[in-house]
Amino acid sequence: MDFDFSLYLNQLPVQVASPFLYQWVDDFSGTASGNVLLKGSLEKPDLKGDIRLESVGFRIIYLNTKYKLTANTFVDNYFIDLRDASLLDEFNNEALVYGGLYHKNLKEFGVDLSVWPDHFMGLNTRRGMNSLFYGKAFVTGSVDISGLLEDVILDINLEANKGSEMVIPINLTADISDNEFITFVNNADTLLEKFEVRTVAEPSSFSLNMDLSLSPDARVEIILPEDLGNIRAQGYGDLNMNLNTAGNFTMAGDYRVSKGSFLFTVKNVYKKRFDLVEGGTISWTGDPYAGEMDMKAIYHVKTSLSTLGTIQDTTSNFRSRVPVDCVIGLKDQILNPTVKFGFNFPNSPEQVRQSVFSLIDTTNEAEMSQQMLSLLVLNSFSFASLDGNEDFASSVGGSS
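Because the structure is predicted, anything quoted here is derived from the model rather than measured.

(A) Fine view of helix α3 (residues 350-357). Those residues of α3 not exposed but buried are Val 352, Ser 355 and Val 356. The buried side chains of α3 occupy one side of the element, clustering within an arc of 100 degrees when seen end-on.

Below, the structure is given as structure tokens:
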């Protein structure tokens, strides 16, 4: 059957496009007006026309972001071309849009779009929406989208701006009954032996290659395995995130901390927030769960040194409260960090440091763990022997 007629659109609801885009887009609103000349047959239609998109609202499902698009479009047998396009996010920030949808006689639809955002909301997901990363991102840069709708390629180069808060959860499926983050006695088990990491790849209708530049304007949170605490940081980094259609996700790059905090957690009950030391790093070389960290965090206390016992001193340093920096060093894999404890004595004479470390064996990890927890919980050093403090250590979170 052949046909030859003109189709006039007067504020046609754009929901009519949902069957073509349902995998990508929902929450349509707005209208389309214009005219299209349609000739040919059902098997091979011939069309040409102009359509005005009027404040067309929609949500990109994967990003959970809502936008409004206003544009003039030119339609022919091969392309739906967006012209004079204006794309606004929920805060009326604008992105430039070039390109459109291509097709073959209204079949085999694909996309060929370039988007140039400027402090534009590019992500608005919550925990549970995406197991790989979530949060809010206001970005500047470029996004190229191409390919058939069932096999779209996203090539992204962005810089995260002020207001961005990215979260990278390190997910584990196993339940954790004991905190092995602090070890008070020798134990052959390791975190990786107790934990089972399961990353189930789910097929996707698109692939993603994203280069993301981070500055201190953006906040990054690394949620460590349960009972280990979390890291919240601001700093500099360049990360590449890649997701293929088989559902395999990789991440590569380095992140350097400028400032932030480490929430030190014992048995998910006792928590202290440490300040991150500038210059710490987290690096990825592919597996997002195999990131390598090298950073330090400090918690400041004031305490008397008298609990360490009798120290020969002619000054008042050991009779008054002195500032002590409790230092946690985190190295190696995020899933199985090597944890080292240490102490600094800012603004104290060298005699104080030498006298304290003559009574504390800094090479004994169990003793250092005990002293650290004593400072954090009781605000004092522990004088009693390690053997006499096993009950204290176990009550705070140690294992035997």
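(B) Structural context of helix α4 (residues 365-378). Here α4 contains 14 residues, and its C-alpha end-to-end distance of 19 Å stays within 8% of the 20 Å for a straight helix at 1.5 Å per residue. Those residues of α4 that sit buried are Ala 366, Glu 367, Met 368, Ser 369, Gln 370, Gln 371, Met 372, Leu 373, Ser 374, Leu 375 and Leu 376. One side-chain oxygen at the N-terminal end of α4 lies 3.0 Å from the backbone nitrogen of Ala 366; it belongs to Asn 364. Looking one or two residues beyond α4, the residue adopting positive phi is Asn 379, at roughly 60 degrees.

(C) Looking closely at empty space enclosed by the protein. This model, assessed by the stated rule, comprises 2 cavities of 30 Å³ or more. Roughly 70 Å³ of volume is contained in the largest cavity. Among the elements of the structure, β11 (165-169), β12 (206-214), β13 (219-223), β14 (230-243) and β17 (281-286) are those that each provide at least two residues to the lining of the largest cavity. Across the lining of the largest cavity, the residue classes break down as 11 nonpolar, no polar and no charged.

(D) Broad picture of the pattern of salt bridges. Taken as a whole and assessed by the stated rule, the structure comprises 6 salt bridges. For Arg 232, the salt bridge goes to Glu 221, with nearest N and O atoms at 3.5 Å. Placement of the pair is Arg 232 in strand β14 and Glu 221 in strand β13, with a sequence separation of 11 residues. Among the salt bridges present, the one from Glu 365 reaches Lys 340, with a minimum N-O distance of 2.9 Å. Placement of the pair is Glu 365 in helix α4 and Lys 340 in strand β20 (residues 338-344), with a sequence separation of 25 residues. On the basis of relative accessibility, which here comes to 45%, the residue Lys 340 falls in the partly exposed class. Taken together, the shared-partner salt bridges connect Asp 26, Asp 27 and Arg 59 into one network.

(E) Local environment of the side chain of Ser 374. For Ser 374, the location among the structural elements is in helix α4. Judged by relative accessible area, which is 2%, Ser 374 ranks as buried. Reaching out from Ser 374, the side chain makes a polar contact with the backbone oxygen of Ser 380 at a distance of 2.6 Å.

(F) Fine view of the nonpolar core. Membership of the largest hydrophobic core comes to 100 residues, with the highest contact counts inside it found for Ile 222, Ile 231, Phe 262, Phe 274, Trp 284, Ile 328 and Phe 381. Per-element tally for this core: the top contributor is strand β15 (residues 249-266), with 7 residues. Dropping the residues within four chain positions of it, Phe 274 is found in contact with Gly 260, Ser 261, Phe 262, Phe 264, Ala 297, Ile 298, Tyr 299, Cys 326, Ile 328 and Leu 376.

Definitions and cut-offs
- Residues numbered from 1 in each chain as written.
- Predicted model: local features only at pLDDT ≥ 70, side-chain atom pairs only at ≥ 80, totals over all residues.
- Heavy atoms only, no water.
- Buried < 20%, exposed > 50% of the residue type's maximum accessible area, 1.4 Å probe, protein only.
- Helix = DSSP H or I, 4+ residues; strand = E, 2+ residues; numbered from the N terminus.
- Arc of directions from axis to C-beta.
- Expected span 1.5 Å × (residues − 1).
- Polar contact = N/O pair within 3.5 Å; in protein donor to acceptor, adjacent residues only side chain to side chain.
- 1 Å grid on protein atoms, 1.4 Å probe; cavity = no way out; pocket = protein on both sides within 12 Å on 5 of 7 lines; lining within 4 Å.
- Points joined across faces, edges and corners; volume = space filled by probe spheres on them.
- Nonpolar A, V, L, I, M, F, W, Y, C, P; charged D, E, K, R; others polar.
- Salt bridge = Lys/Arg side-chain N within 4 Å of Asp/Glu carboxyl O.
- Core = buried A, V, L, I, M, F, W, Y, C linked by side-chain atoms within 4.5 Å.
- Contact = heavy atoms within 4.5 Å.

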